[in-house]
Every structure is written in C-alpha cells, then in structure tokens.
Amino acid sequence: MPITVRPLSHALGAEIQGVDLARSLSNAEFDQIHRTFLEKGILLFRDQKITREQHIAFSRRFGELDRHDSLPRDRHPDHPELLLVTNVPEEGGKESASKYTGQQWHSDMSFTLEPSLGSLLRGIAIPPVGGDTMFTNMYLAYDTLSDGMKKMIEPLYAIHTGRRKVTDPNTAREREQTRINPPIAQPIVRVHPETGRKALYIGEKVSCLVDMTPEESKPLIDYLVKHATRPQFCYRHQWKQDDIILWDNRCTMHIALGDYADGETRHLERTTVKGTPSGYYLQ
Ligand code: OGA
Ligand code: MN
C-alpha cells in the first residue's frame, strides 16, 4: 500500500496513512516518514494495534531511546524505554505519579542536558470525551516575532526544571524530580540540528531567565508563551485508542489539556528519542 500524507492543521502536523507499524518498514518507507516528520513537526498514525516491543522498535528507527533516568517514577517497570502517562492508580490505590504529566506547555526533557529529539505517544485507553493534547509550531512562533524582538532574545537563556506547576510542589514526586534534575539553562532560540531553522525554545516550566530577576523575566516569558500558543499556530488532537503521535521536541511544544471526567481512564505510553546535547547546569 502506498503511504499517503494528510495535513492535520494549517500550522503543523500530518496523518500518515498506509503504514502498519507492527511490521518493519523498508528504508524507503522510513525515509518518506522521516522527511514528513521534519517538514510537519508532528505525525499521527491511526489504528496501530502494536505491542510494547513494536512501539519501542519503531521508535528506535529515529535514534537512541532515553531510559528515563530523569523520570524514574513514571517508567514502565519492565521497559525503561517506556514512560507511563496514566491516571490509573498505583498498587494500593495511591494516585498515579503521572496523572498530571504534561499539563503545561512544554518540550520534553528540556530540563536535561540531552533534550529529546522526539517523543512517540501511544493511546491505549482514552476517555470517551476529551483528554486532548495540543501542539504548537515553534518555527512559526519564532518567524513571526519582530526583528527587534528576535535580536533581543537571541542571546538569552531560560532556566528549566523537572518540576511541574500544576500539582503540589511538596509531594514526594516533585521533590524527587527537583533533586534528580538540578536547574538547567537552555537557549531561548535553538537551531534545529537537522533543518537548520531557528525555533523558539520556551515553555511554562520556565520560571526565570538567566541573569535576570523573576519579576523581570515573567512578562517576557509570559508574552513568548502566549505568542507561541496562538490558536492559529496549533493543532488540537482528539485521541482514539491505537493512535500514535510522534512529535519533534526541537520545533514544537505540547500540552495535555486534562479536559476529561474524573473517573474515566486515560492511559498512554511514550518512548523518548534522545536529542543532541544542549544547555548547562546552573550550579
Ligand atoms: C507527554 C505529554 C501529553 C498528554 O507524554 O510527554 O506531555 O496529553 N503528554 O498526555
Ligand atoms: Mn510532554
């Protein structure tokens, strides 16, 4: 079957039809998928009834996989390459550590020295209504800034932490995240290593700019996030079971909207492809 490509929104994304990720793809098929990935930023594959092993094997075609040492509580117990994004309670009924994963605009692993190239998220149990994910195009976000703003932000670095804003920062998980992942400075503008294009690199996990006070930083961070997440730069995904979405963390951001009823099960699993080194420790 030939591969076909259907755009998902004006700003970014494409659905790839005519591939079965349960079998290994030829180099020609993979090259077409890879080219479309670089061009569109996110790829959707529907109706992929695959095993965990097949999810991992397909992900490996894009590069070395992260074993999630920086997110140990969210790993699959038997597959360190898989990160759980689930609201299914832990054994003993404790709230899942990954229930609130991704509920602010971010790019995966920005709080490490090897921010991710891309992530592949597989929908395993999806609420009947909602539980959507939004994505935005950070090339567009950069390109549409004024020349004056581009010049001003070019030399700036932002401080990224592994901590999440939405939950209580004093929970064991959040304290552990901070301990394992000391704050890291990342450039606000990054050059994509494969396309050579500049993309904005910021998000809601960033609280401060390097060498500035929080008060000075906040208006600029807030403005850049608001600008980058304008609806016309976005795609909103309504999940179906057996969807796989691959996104390029170097030129997109995403957010889990959390727009679903308590009591509905939402369970996804993610592989994370390692990217090129970026950033430095502040301490
Ligand atoms: C992730 C993430 C969003 C979602 O898996 O990296 O941010 O909607 N997930 O679950
Ligand atoms: Mn994420």
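Anything mentioned here points back to the structure above.
The present account deals with the structure reproduced in this document. Given the structure is predicted, the values throughout are model-derived calculations rather than measurements. (Residues numbered from 1 in each chain as written. Chains lettered and ligands numbered in written order. Predicted model: local features only at pLDDT ≥ 70, side-chain atom pairs only at ≥ 80, totals over all residues. Heavy atoms only, no water.)

**Some points on the environment of Glu194**
Part 1 of the reasoning: By secondary structure assignment, the location of Glu194 is in the loop between strand S9 (189-191) and strand S10 (198-200).
Part 2 of the reasoning: By relative accessible area, which is 38% here, Glu194 ends up partly exposed.
Part 3 of the reasoning: Separated by 141 residues in the primary sequence, Glu194 and Glu53 have C-alpha atoms spaced 27 Å apart.
Part 4 of the reasoning: A distance of 2.9 Å separates polar atoms of two side chains, one belonging to Glu194 and the other to Arg250. (Helix = DSSP H or I, 4+ residues; strand = E, 2+ residues; numbered from the N terminus. Buried < 20%, exposed > 50% of the residue type's maximum accessible area, 1.4 Å probe, protein only. Polar contact = N/O pair within 3.5 Å; in protein donor to acceptor, adjacent residues only side chain to side chain.)

**Observations regarding the sheet that holds strand S14 (residues 252-256)**
Part 1 of the reasoning: Across the sheet, three strands lie side by side as S12-S6-S14; this open sheet has antiparallel pairing. Whereas interior strands pair on both sides, the edge strands pair on one side only; in this sheet they are strand S12 (234-237) and S14. The mean angle between the axes of side-by-side strands here comes to 20°, regardless of whether they run parallel or antiparallel.
Part 2 of the reasoning: Looking at chain direction, strand S6 (residues 133-137) and S14 are connected through five bridges and run antiparallel. Opposite Thr136, over in S14, you have Met253 as the bridge partner. (Pairing = 2+ DSSP bridges. Axes fitted to C-alpha atoms, helices over the stretch in contact; angles between N-to-C directions.)

**Notes on the pattern of salt bridges**
Side chains carrying opposite charge are able to pair once their charged atoms draw close together.
Part 1 of the reasoning: All chains considered together, the criterion is met by 21 salt bridges.
Part 2 of the reasoning: Arg46 is the salt-bridge partner of Asp243, the closest N and O atoms lying 2.9 Å from each other. Taken together, the residues span a long stretch of sequence, with Asp243 in the loop between S12 and strand S13 (244-248) and Arg46 in the loop between strand S3 (42-45) and helix H2 (52-60) at a distance of 197 residues.
Part 3 of the reasoning: Look at Asp243 and you get buried, because its relative accessible area is 1%.
Part 4 of the reasoning: Residues Arg60 and Glu81 are paired through a salt bridge, measuring 3.2 Å at the closest nitrogen-oxygen approach. (Salt bridge = Lys/Arg side-chain N within 4 Å of Asp/Glu carboxyl O.)

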